[in-house]
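# Notes for the structure review
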Amino acid sequence: MYYPMYFDPTYILVLIGVIICLVASAKMNATFSKYSRIRNHSGMTGREAAEVILHRVGIYDVRIEHVSGRLTDHYDPTSKVLRLSDATYNSTSVAALGVAAHECGHAMQHATAYAPLRFRGALVPVANFGSAIAWPLILVGLFLTGNTSSLILNLGILAFSLAVLFQLVTLPVEFNASNRAVRVLGSSGLLYPEELQDTRKVLTAAALTYVAGAASAILQLLRILLLTNDRRD
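Bear in mind the structure is a predicted one, so any value in this text is a computation, not a measurement.

## Some remarks on the overall build of the protein
When its secondary structure is counted, the protein shows six helices and three strands. Each helix and strand of the protein, placed in order from N terminus to C terminus, yields the pattern α-α-β-β-β-α-α-α-α. Referenced to the eigenvectors of the C-alpha coordinate spread, the extents of the protein come out at roughly 65 × 35 × 25 Å. With 233 residues in all, the protein has 45% of them scored as buried. For the protein, the exposed surface amounts to about 11,600 Å²; the carbon and sulfur share of it is 63%. The distance from the centre of the 19 positive side-chain charges to the centre of the 15 negative ones in the protein is 3 Å.

## Re the pattern of salt bridges
In this structure the tally under the stated criterion is seven salt bridges. As a salt-bridge pair, K80 and D61 come within 2.6 Å of each other at their nearest N and O atoms. Placement of the pair is K80 in the loop between strand 2 (74-76) and strand 3 (81-84) and D61 in the loop between helix 2 (46-56) and strand 1 (63-66), with a sequence separation of 19 residues. Overall, K80 belongs to the partly exposed group, its relative accessible area being 31%. For D61, a relative accessible area of 46% translates into the label partly exposed. Within the structure, one salt-bridge network assembled from shared partners comprises R63, E65, D76 and R83.

## A closer look at the packing of aromatic side chains
The description of an aromatic ring pair uses the distance of the two centres, along with the angle that the planes make with each other. Overall, the coordinates contain zero aromatic pairs when judged by the stated rule. Taking NZ or CZ as reference, R180 lies 5.4 Å from the ring centre of Y114, over its face.

## A short note on a positive patch on the surface
On the surface, a cluster of positive charge is contributed by K27, K34, R37 and K201. Inspection of the secondary structure assignment puts K34 in helix 1 (residues 11-35).

## Description of helix 2
What helix 2 keeps buried is the set G46, A49, A50, I53 and L54. Buried residues of helix 2 fall within an arc of 130° about the axis and therefore sit on the same side. In this structure, the buried residues of helix 2 make contact with strand 1, strand 3, helix 3 (94-111) and helix 5 (146-188). Within two residues after helix 2, G58 carries a phi angle of roughly 85°, on the positive side.

## Some details on the confidence of the model for the protein
For the protein, the mean per-residue pLDDT works out to 91, and 95% of the residues sit at or above 70. For residues 1-5, every residue scores under 50 in pLDDT, and the model assigns this stretch 12 contacts once sequence neighbours within four places are set aside.

## Some details on a nonpolar patch on the surface
Taken together, the side chains of I12, L15, I16, I19, I20 and V23 make up a nonpolar region of the molecular surface, amounting to roughly 490 Å² of accessible area. By the element assignment, V23 lies in helix 1.

## Section: the nonpolar core
In terms of nonpolar packing, the biggest core is built from 34 residues, with F32, I53, L54, V62, L82, C104 and L185 touching the most fellow members. Within the residue set of this core, elements represented by two or more residues are helix 1, helix 2, strand 3, helix 3, helix 5 and helix 6 (193-232). Looking at this core, the element that brings in the most residues is helix 3, giving nine residues. Those residues in contact with F32 that sit more than four places away from it in its chain are R70, L71, A87, A95, V99 and V202. Core analysis: the second largest hydrophobic core is formed by 11 residues, A134, L142, V164 and I224 among them.

## Examining helix 5
Given a rise of 1.5 Å per residue, 43 residues ought to cover 63 Å, and the 64 Å separating the end C-alpha atoms of helix 5 matches this to within 8%. One or two steps after helix 5, the chain reaches G189, where phi turns positive at roughly 80°.

## Looking at unusual backbone geometry
Here L71, not a glycine, exhibits a phi torsion of approximately 60°, which is positive. By the element assignment, L71 lies in the loop between strand 1 and strand 2. Taking relative accessible area as the criterion, L71 reaches 28% and is therefore assigned partly exposed. Of note, A113 is a non-glycine position whose phi angle comes to about 55°, a positive value. Mapping A113 onto the fold places it in the loop between helix 3 and helix 4 (115-143). Given the relative accessible area of 38%, A113 is considered partly exposed.

Conventions used here
Residues numbered from 1 in each chain as written. Predicted model: local features only at pLDDT ≥ 70, side-chain atom pairs only at ≥ 80, totals over all residues. Heavy atoms only, no water. Helix = DSSP H or I, 4+ residues; strand = E, 2+ residues; numbered from the N terminus. Buried < 20%, exposed > 50% of the residue type's maximum accessible area, 1.4 Å probe, protein only. Areas by Shrake-Rupley, 256 points an atom, 1.4 Å probe, with all protein chains shown as cover. Lys, Arg positive; Asp, Glu negative; His and termini not counted. Charge placed at Lys NZ, Arg CZ, Asp CG, Glu CD. Salt bridge = Lys/Arg side-chain N within 4 Å of Asp/Glu carboxyl O. Phe/Tyr/Trp six-rings, centres within 6.5 Å; stacked < 30°, edge-to-face > 60°. Lys NZ or Arg CZ within 6 Å of the ring centre and 35° of its normal. Patch = residues over 30% accessible without salt bridge, like charges linked within 9 Å, V, L, I, M, F, W, Y side chains within 5 Å. Arc of directions from axis to C-beta. Contact = heavy atoms within 4.5 Å. pLDDT = per-residue confidence, 0-100. Core = buried A, V, L, I, M, F, W, Y, C linked by side-chain atoms within 4.5 Å. Expected span 1.5 Å × (residues − 1).

Listed below in structure tokens is the structure:
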């Protein structure tokens, strides 16, 4: 039986995805807030630590800039700029050093042509297009009949699958950046072992948000498959 979308029981999958993302986000915010109150022993800021880390691994062509917001930190491979947020740039907390080191990890990936990072970069335009066009195609396909309906539905599923693939490829990229961050923070002596453990907790909580995003995307794809299968039946 096909249910109208406003009575669609598969909305439970969307709800589960939302709950997973909210829990992961709350965990990340709570963990970052906790360890942002713990000062690292050297008193080094996130910006200073990022500069030390980049130079330590032989990267001298990446600029470090301040960006407004909280946890808006990111590395821009196109312009080779590492942007640190208000909560990281001038902060001396162990959390700030962990986030700064994580973004340095992305710069290291870029410098070494890390394959998953390059693949993710190539996926960006098609994933963005796929996520934008998927639901319009699926909705149109659900209201049509015959071969045209099947074709449009399949195109919608393919488009959304590209967005899901992007989420999945993001996981090894983020995990690897965090692993690089922990290694360099430990080997450089920027953090004491107990501080490194605190930083690892922050990075683990951050990684869970990407896992939650991927899980939510997979649940959305499952919902789409259920909807389209019902329609074909």
